[in-house]
Amino acid sequence: MPASERYMAELLTEAGIRLDGQAPWDMRLKAPGVADSVFARGNLGLGESYMDGDWDCDRLDEFFHRLLRARLHHKVRPSRVLFHALKARLLNRQDSRRSWQVGEQHYDLGNEFYGAMLDSRMTYTCGYWKNASNLEQAQEAKLDLICQKLKLEPGMRVLDIGCGWGSFMSYAAEHYGVECVGVTISREQAAWARDRYPDLPLEFRLQDYREVNGKFDRVVSVGMFEHVGRKNYRTYMEVAHRCLKDDGLFLLHTIGSNNRSGGADPWIDKYIFPNGELPSLSQVSDAADSLFVVEDLHNFGADYDRTLMAWYDNFKAAWPQFREQLGKRFYRMWEYYLLSCAGAFRARDIQLWQWVLSKNGLEGGYRRVS
């Protein structure tokens, strides 16, 4: 066994993972050079070698849960990964020109593909599983939770920054009688949503969030802040502030990092969400400083594990209809994406936050719904 493989085996043992072992979470090498790639390029090397079929694992979700829970990723710091993190700090990789890349590469994969993986409303964010037994229930519970936290009333006008396929907007219009304006950088999403909801008071705009103007009773943003980037957090909050009426509420739903120096994961950045970046608690707070009062902060990140596993089950079941079009390497890429993220949430390495913000603070205080 090469020295790099011996060292990798020693590290994995700390997480209860064996190299070429028999447990479902053990790593089985199929080709030489995997360890060298991991130590040179971190998760980018690990992910690409998995996509190439150079190693396998029966339970990738549990592999990553154990690896991250043991904090092994902090013991491997390749120079190329550090360079990637430095770029995230110094460059604005989410400016108005680059902001469209994630829509073209990820969200425009095809509505048929996402329709097979997601719930009936195409909700591509964390479900709320408190009283839910399946994905459909969990997503509806999440949408209703947001509506209740925003204290929606009939006739209100709501802005949805990063509206996706319109799941929140349609639910809020149907169940709470509001009008919604949504912005997205995905042409596929905008076209699908306009066709799906022609009779609801909804407007879908293909637009960068920085271009939004007007006044709204409520502002909501679900799963979009991860694409904003640290250079633009303040600008994003200023947009929400200028669009929110003085007595309004703003709900921000975002995945978050446990530290502010994490930057973007190189593999996720290259293959899944180009120019994405997870904010830390302090970065969101800093961006909102002097603009908003934090009324409520709710973490239910553990629910994302269950959401991702449900998406994976749907993706795997539907794969035969996409196999010829997308190919085996795409399957392994998407499998790695969904299951590694599930493992990360299970390990509590990343979080899911819902912030409720107001401009001046609600007199008498804010009471969160359960």
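Worth saying up front: this structure is predicted, and the values here are computed from it rather than measured.

> Is there a simple way to explain the pairing of strand β3 (residues 157-161) in this structure?
Moving residue by residue along a regular strand, the side chains alternate between the two faces of the sheet. Extensive coverage of β3 is indicated by the burial of four of its five residues. In terms of strand pairing, β3 meets strand β4 (residues 179-184) through five bridges, oriented parallel. When the bridges of β4 are listed, Leu159 appears paired with Val181. Running through helix α8 (residues 167-176), the crossover from β3 to the neighbouring parallel element β4 is right-handed. In the sheet, β3 pairs with strand β6 (residues 216-222) via three bridges, with the strands oriented parallel. Across the sheet, Val158 pairs through a bridge with Arg218, a residue of β6.

> Looking at this model, I keep getting lost on the pattern of salt bridges. Mind explaining?
Within this structure, the stated rule accounts for 19 salt bridges. For Asp246, the salt bridge goes to Lys359, with nearest N and O atoms at 3.4 Å. Here the residue Asp246 occupies a position in strand β7 (residues 244-257), and Lys359 occupies one in the segment after β9 (350-358), the gap between them amounting to 113 residues. Taking relative accessible area as the criterion, Lys359 reaches 10% and is therefore assigned buried. When salt bridges with common partners are traced through the structure, they connect Arg59, Asp61, Glu62, Arg66, Asp305 and Arg346 into a single cluster.

> How should the side chain of Glu295 be read in this particular structure?
Relative to the elements of secondary structure, Glu295 occurs in strand β8 (residues 293-299). There is no salt bridge for the buried Glu295, and the closest opposite charge comes from Arg367, which lies 7.6 Å off by N-O distance. Polar contacts involving the side chain of Glu295 include one to the main-chain amide nitrogen of Leu362, which spans 2.8 Å.

> So what exactly am I meant to see when it comes to the sheet that holds β4 here?
Paired through backbone hydrogen bonds, the strands of a sheet run either parallel or antiparallel to each other. Across the sheet, seven strands lie side by side as β5-β4-β3-β6-β7-β9-β8; this open sheet has mixed pairing. The sheet is open, and its two edges are formed by β5 (202-206) and β8, each paired on a single side. Adjacent strand axes in the sheet meet at a mean angle of 15° when their direction is disregarded. Judged from the six bridges that link them, β8 and β9 form a sheet pairing that is antiparallel. What sits directly across from His298, in β9, is Gln354. Sheet contacts for α8: β3, β4, β5 and β6; angle to β5, the most-contacted strand, approximately 165°.

> Hey, could you run me through the confidence of the model for the protein chain in this one?
Detailed reading of predicted coordinates is not advised where the pLDDT is low. Per-residue pLDDT for the protein chain averages 91, and the proportion of residues at 70 or more is 90%. Considering only residues more than four positions removed or in separate chains, one finds that residues 79-89, a stretch of pLDDT under 50, has 17 contacts. pLDDT under 50 marks residues 91-95. Its contacts with residues more than four places away, or in other chains, come to 21 contacts.

> Please explain unusual backbone geometry as it appears in this structure.
As a rule of thumb, non-glycine residues mostly have phi less than zero, and peptide bonds are mostly trans rather than cis. Phi angles above zero are rare outside glycine, and Asp20 is one such case at about 60°. Structurally, Asp20 can be placed in the loop between α1 (3-14) and β1 (28-29). With a phi angle near 60°, Met122 is a residue other than glycine that sits in the positive phi range. Mapped onto the secondary structure, Met122 falls in the loop between α6 (111-117) and α7 (135-149).

> Please explain the state of the cysteines as it appears in this structure.
A disulfide bridge is the covalent bond that connects two cysteines by way of their sulfur atoms. Taken as a whole and assessed by the stated rule, the structure comprises zero disulfides. Cys163 forms no disulfide, and the closest cysteine sulfur to it belongs to Cys180, at a distance of 9.6 Å. No disulfide involves Cys243; its sulfur sits 14 Å from that of Cys163, the nearest cysteine.

> How should the packing of aromatic side chains be read in this particular structure?
Remark: the centre distance and the inter-plane angle together describe each pair of aromatic rings, the angle taken between the planes. On inspection of all chains with the given rule, the structure shows 33 aromatic pairs. Here Phe63 and Phe64 contribute two aromatic rings whose centre-to-centre distance is 5.1 Å and whose plane-to-plane angle is 90°, an arrangement assigned as edge-to-face. The same class applies to Phe63 as to Phe64, namely buried. On the basis of an interplanar angle of 80° and a centroid distance of 5.4 Å, the ring pair of Phe113 and Tyr114 is categorised as edge-to-face. With a relative accessible area of 0%, Tyr114 lands in the buried category.

Conventions and cut-offs
- Residues numbered from 1 in each chain as written.
- Predicted model: local features only at pLDDT ≥ 70, side-chain atom pairs only at ≥ 80, totals over all residues.
- Heavy atoms only, no water.
- Buried < 20%, exposed > 50% of the residue type's maximum accessible area, 1.4 Å probe, protein only.
- Helix = DSSP H or I, 4+ residues; strand = E, 2+ residues; numbered from the N terminus.
- Pairing = 2+ DSSP bridges.
- Right-handed = clockwise from strand over helix to strand, strands pointing away.
- Salt bridge = Lys/Arg side-chain N within 4 Å of Asp/Glu carboxyl O.
- Lys, Arg positive; Asp, Glu negative; His and termini not counted.
- Polar contact = N/O pair within 3.5 Å; in protein donor to acceptor, adjacent residues only side chain to side chain.
- Axes fitted to C-alpha atoms, helices over the stretch in contact; angles between N-to-C directions.
- Contact = heavy atoms within 4.5 Å.
- pLDDT = per-residue confidence, 0-100.
- Disulfide = S-S within 2.5 Å.
- Phe/Tyr/Trp six-rings, centres within 6.5 Å; stacked < 30°, edge-to-face > 60°.

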